[in-house]
2 protein chains.
Amino acid sequence: MKRRDFIAGAGAGALAAMPTLSAAQTAALPEIKWRMASSFPKSLDTIYGAAEFMTKRVAAATGGKFQIQLFAAGEIVPGLKVQDAVQDGTVQCGQTAPYYYWGKDPAFALDTGIPFGLNARQMVAWQLFGGGAELFREFYKAYNIHSIPSGNTGAQMGGWYRKEIKSVADLKGLKMRMGGFAGEVMRKLGVVPQQLAAPDVYPALEKGTLDAAEWVGPYDDEKLGFNKVARFYYYPGWWEGGAQLCTYINQKEWDKLPREYQAIVEAAGWEANQWMLAKYDALNPPALRRLVTTGKAQLKAFPRDVMVAAYKASQEVYKEAAAKSPAFKRIHESMQKFQTDQLLWFRVAEKGFDDFMHTVGQIK
Amino acid sequence: MKRRDFIAGAGAGALAAMPTLSAAQTAALPEIKWRMASSFPKSLDTIYGAAEFMTKRVAAATGGKFQIQLFAAGEIVPGLKVQDAVQDGTVQCGQTAPYYYWGKDPAFALDTGIPFGLNARQMVAWQLFGGGAELFREFYKAYNIHSIPSGNTGAQMGGWYRKEIKSVADLKGLKMRMGGFAGEVMRKLGVVPQQLAAPDVYPALEKGTLDAAEWVGPYDDEKLGFNKVARFYYYPGWWEGGAQLCTYINQKEWDKLPREYQAIVEAAGWEANQWMLAKYDALNPPALRRLVTTGKAQLKAFPRDVMVAAYKASQEVYKEAAAKSPAFKRIHESMQKFQTDQLLWFRVAEKGFDDFMHTVGQIK
């Protein structure tokens, strides 16, 4: 839409009264110090950086009165215990990936991303305008948590493989470093998911005690050097169209905050959500280029039969999860319905535009 | 990335001292009232709604002390005069689409979106991490403006046509409501761009004095009822992979703001950027469904020869613009370079994921 159409009703509202200030608080706002425990190490600097970005924004917006001190995984809380630590008030807040807690209730996984779920952009639309946020508000009540989406990786890579994956048969018995909810899907395909800490992955791939490993995407993967020991680099990471990170806040601490601070934290969280995705989008392309040139990585798409088998296995896992958890059933149904509509729309203007842009190199 | 890897360095930082408060201001923050002139009517409720969202967030984050009163196009400033009104201080700030001012300098167009330019997500990455924001900061100095991206429509539709467009030859002599920078490209393809206000478009299409019209996307288009008088609904709107709206702020007014308020306005603007895109993403699918079912719209992709001809014509327009404007040349070069990298990366994980999702309906 463009143009002169906007020059309607000129002057009509010019005399409208300025709004009266509603209950402007004159009392100075309190000084507050919080601790935020991250599930991530500083070395994942884009993810950890999003939490830093958020805490700095909050400090700047409050003139330094509201300080949130950030701790990396393990400094004060183990990375996978952030949810517990926020729930029981050990820390006021944390940065985490909800799907780490899918063992408590598979519904947690939906607040990060599930196999063949929403992509990063669709996730925001569902959270804000598709009922997602309300459903999670309800869900998190039992955990004494107020959650704010505040980061997304975008679609990830499908990981590093020592041998080519030519069909779904090649997955049988594959020892792969991966886990969580997606590991359940992989298990149905014959993969043997392995739990390994980052520093142990490289030597295991080198020795051949591990056949494959997934991490994040080019920027983070490059630092770990997996291309040197497992040259086949597959895409897409179908287990998350985008991994959403959240800021978990202890509900009682949240309720105690002045409304101004609540508004600032919420704005900063959502801002960080977009910021992190943008940062990955900027950092990933040069890393990918280096990996496939000097790094000699072999970039490969998963064969369609692997994708289809994984998709079918995912649907089974969802049925099992829904049978076990009413929360999963309720939230997943909302997400699926929303996704159907998103796919209808995205295949039109967005895909039409993006697909053409991917062909402009061929235009003479 | 998942798992136990994060439990590294446990305890190490636990004893780190809490940061000392740096210059926490004890003086109460001032009460400030601003006026924001929008380039848009209230009827474009998603776009206008993003400005409302932003002003409400600012009020909430300041306990009502910083009030920005929003005016629709024409109420106090004509829609296409928002940039002038902000520059000369008639209003402290405005909501607008920078490309309306491409006649002053084609570089303005780059801050909204250009034909075959970045999509909405890539735009954020370029602004924040590709040098875009810095380049515009420099550019806007001459206009006394501080600009904050604060809304995006996503890829738009290609408009409504009374007759089918089977090849680029069908564009010759086509009287189409559209304008701005993209109108220059269309002109090279033989289209005769027309300037018409929204209420005049429907009758002109009905009478046949107009052959085609572009507006935004399903949600906004549906309200105008164009499907009743021009049934062919084309995609994609190649003239903008995403139209970015901005909050323009008079530089002197910006400089006078306390730093807290600057941080709050910036966070709210970027938050609105994501919010508006999400709202369109949620509203467009049901509108599209209605348009193609009960509305009897014929959904069509532009033929490839039209896309290719438009792409080539765009490159000519860019050459002309770069010859005329050093700012356009400088900023466009940065954008193009960034886009090349984005396309490299997006065709891998994101496209791999999205493309597969568009085929899941076929899986039995």
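Everything below is about the structure printed above this text.
Just so it is clear, the model here is predicted, and its values are computed rather than measured.

Thresholds, definitions, all that
Residues numbered from 1 in each chain as written. Chains lettered and ligands numbered in written order. Predicted model: local features only at pLDDT ≥ 70, side-chain atom pairs only at ≥ 80, totals over all residues. Heavy atoms only, no water. Salt bridge = Lys/Arg side-chain N within 4 Å of Asp/Glu carboxyl O. Helix = DSSP H or I, 4+ residues; strand = E, 2+ residues; numbered from the N terminus. Buried < 20%, exposed > 50% of the residue type's maximum accessible area, 1.4 Å probe, protein only. Contact = heavy atoms within 4.5 Å. Buried area = accessible area lost by both parts, 1.4 Å probe. Nonpolar A, V, L, I, M, F, W, Y, C, P; charged D, E, K, R; others polar. Disulfide = S-S within 2.5 Å.

Caption draft 1: Examining the pattern of salt bridges more closely. In this structure the tally under the stated criterion is 40 salt bridges over all chains. Measuring nitrogen to oxygen at the nearest pair gives 3.6 Å for the salt bridge that ties A:R187 to A:E184. On the criterion of helical spacing, the pair formed by A:R187 and A:E184 is a turn pair, its members being 3 residues apart in helix 6 (residues 180–188). Residue classification places A:R187 among the partly exposed residues on the basis of a relative accessible area of 47%. Relative accessible area serves as the criterion here: at 26%, A:E184 is assigned to the partly exposed category. A:E266 is the partner of B:R57 in a salt bridge, and the nearest nitrogen-oxygen pair spans 3.4 Å.

Caption draft 2: Quick look at the interface of chain A and chain B. Contacts between chain A and chain B engage 137 residues on the former and 136 residues on the latter. Of the roughly 11,600 Å² buried where chain A meets chain B, counting both sides, 63% is carbon and sulfur surface. On the surface where chain A and chain B come into contact, there are 8 salt bridges. Across the salt bridge formed by A:D281 and B:R121, the nearest N and O atoms sit 2.6 Å from each other. The element contributing the most residues to the side of chain A that touches chain B is helix 10 (residues 259–292) of chain A, with 21 residues. A per-class count over the side of chain A that touches chain B returns 76 nonpolar, 31 polar and 30 charged.

Caption draft 3: Representation of the state of the cysteines. Residue and element names in this part refer to chain B. Following the criterion strictly, the structure yields 0 disulfides over all chains and no others. Of the cysteine sulfurs around C246, a residue in no disulfide, the closest is that of C93, at 13 Å. Residue class for C246 comes out buried when judged on its relative accessible area of 0%.

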